[in-house]
Amino acid sequence: FERWLSMQDRDLRKTYVDAGMPDTSAISREEMLDSLKEMLIWELLPLEELEIECATKKLSTKTEQSDLTDRRLELAQRLRLDAAVRANRVMYESLNIPVDRLGTIAASRVKAQFDHIDDCQLVELRNWYRDAGMPDEKDVAKEEIRSLWKEVTVWACLPEDELKREILDRGLSLQALLNKPFGSTKAAEGEKEELCD
């Protein structure tokens, strides 16, 4: 921490951004130091304290790891990711990623998928479109497919109550959809499994 205190503003900002935080001039030196200090503390906390910190922030405390050290690292990483998404909230919302509805961890996965979608060539986009069960339309625009894929990505990661709200907000019948579960296509099933589990 002492090293960060003695850094020039430019170097401190680089360290802050390298930690996954937003590169914005709106944040003060003190705010950057506070965030970096918080992340450092997370690295040093025992597992039980990390679990409490995660629970306080409504983050899952379940991990895939059995080793204590690995579990600690996973929870510390989860807290860093949560902090980064919260700090980047404006950018996420500008991309139509509803952070509050998804939660920060799912929102970060959705953002990564959006980046992948943006990098896809027309062939891959058309393959997804076909696998998602869409009609065979030769003239559908690349951007239209991208937009639809992103929307489906968000839907796949919404908690069930939020998904139901989305369905009702669109004027659709929940009863009609109950007979056809969301995610019944190959593409939607893969989307849900990859992003949200």
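Reading the values: the criteria
Residues numbered from 1 in each chain as written. Predicted model: local features only at pLDDT ≥ 70, side-chain atom pairs only at ≥ 80, totals over all residues. Heavy atoms only, no water. Phe/Tyr/Trp six-rings, centres within 6.5 Å; stacked < 30°, edge-to-face > 60°. Helix = DSSP H or I, 4+ residues; strand = E, 2+ residues; numbered from the N terminus. Buried < 20%, exposed > 50% of the residue type's maximum accessible area, 1.4 Å probe, protein only. Axes fitted to C-alpha atoms, helices over the stretch in contact; angles between N-to-C directions. Parallel < 35°, antiparallel > 145°, perpendicular 65-115°, else oblique. Left-handed = near helix turned anticlockwise from the far one by under 90°. Contact = heavy atoms within 4.5 Å. Nonpolar A, V, L, I, M, F, W, Y, C, P; charged D, E, K, R; others polar. Polar contact = N/O pair within 3.5 Å; in protein donor to acceptor, adjacent residues only side chain to side chain. Arc of directions from axis to C-beta. Salt bridge = Lys/Arg side-chain N within 4 Å of Asp/Glu carboxyl O.

The next point concerns the packing of aromatic side chains. Applying the stated rule across the entire model yields one aromatic pair. Ring geometry for Trp128 versus Trp149: centroids 5.1 Å apart, planes at 10°, classification stacked. Of this pair, Trp128 sits in helix H9 (residues 122-131) while Trp149 sits in helix H10 (residues 142-157), placing them 21 residues apart in sequence. Trp149 matches Trp128 in its accessibility class, with the two residues each being buried.

Turning next to the packing of helix H4 (residues 47-56) against helix H5 (residues 68-87). Where H4 contacts H5, the axes come no closer than 10 Å and their chain directions differ by 30°. Of the possible angle classes, the one that applies to H4 and H5 is roughly parallel. With respect to the hand of their crossing, H4 and H5 are arranged in left-handed fashion. Contact residues: Leu47, Leu50, Glu51, Glu53 and Cys54 in H4; Leu68, Arg71, Arg72, Leu75, Ala76 and Leu79 in H5. Class assignment of the residues belonging to the contact of H4 with H5 gives a composition of seven nonpolar, no polar and four charged.

Before going further, it helps to examine the environment of Glu51. Note that Glu51 resides in helix H4. Exposure remark for Glu51: the relative accessible area of 24% places this residue in the partly exposed category. When the C-alpha atoms of Glu51 and Arg72 are compared, they prove to be 8.7 Å apart, with 21 residues separating the residues in sequence. For Glu51, the residues in contact, after removing those within four places along its chain, are Thr61, Arg71 and Leu75.

Attention shifts here to the side chain of Arg146. Note that Arg146 resides in helix H10. In this structure the side chain of Arg146 is engaged in a polar contact, spanning 2.6 Å, whose partner is the backbone oxygen of Cys120. With sequence-adjacent residues up to four places away left out, Arg146 is seen in contact with Ile117, Asp118, Cys120 and Leu125.

The subject of this paragraph is the packing of H5 against helix H8 (residues 104-119). As a packed pair, H5 and H8 sit with axes 9 Å apart at the nearest point and diverge in direction by 75°. When the interaxial angle is binned, H5 and H8 end up roughly perpendicular. Residue-level contacts link Arg78, Leu81, Asp82, Val85 and Arg86 of H5 to Thr104, Ile105, Ala107 and Ser108 of H8. By residue class, the composition of the contact of H5 with H8 is four nonpolar, two polar and three charged.

In this section: helix H11 (residues 160-169). Within H11 the residues assigned to the buried category are Glu162, Leu163, Glu166 and Ile167. Around the axis of H11, the buried residues are gathered within 145° of arc, so they sit on the same side. Opposite its buried face, H11 presents the exposed residues Asp161 and Asp169, each directed more than 90 degrees away. Remark: Gly171 follows H11 within two positions and exhibits a positive phi of approximately 75°.

In the structure shown here, the tally under the stated rule is 21 salt bridges. Note that Asp9 and Arg29 form a salt bridge whose closest N and O atoms lie 2.5 Å from each other. On the criterion of sequence distance, the pair formed by Asp9 in helix H2 (residues 9-18) and Arg29 in helix H3 (residues 29-44) is long-range, its members being 20 residues apart. Measuring nitrogen to oxygen at the nearest pair gives 2.8 Å for the salt bridge that ties Asp18 to Lys14. With Asp18 and Lys14 both in helix H2 and four residues apart, this pair spans about one turn of that helix.

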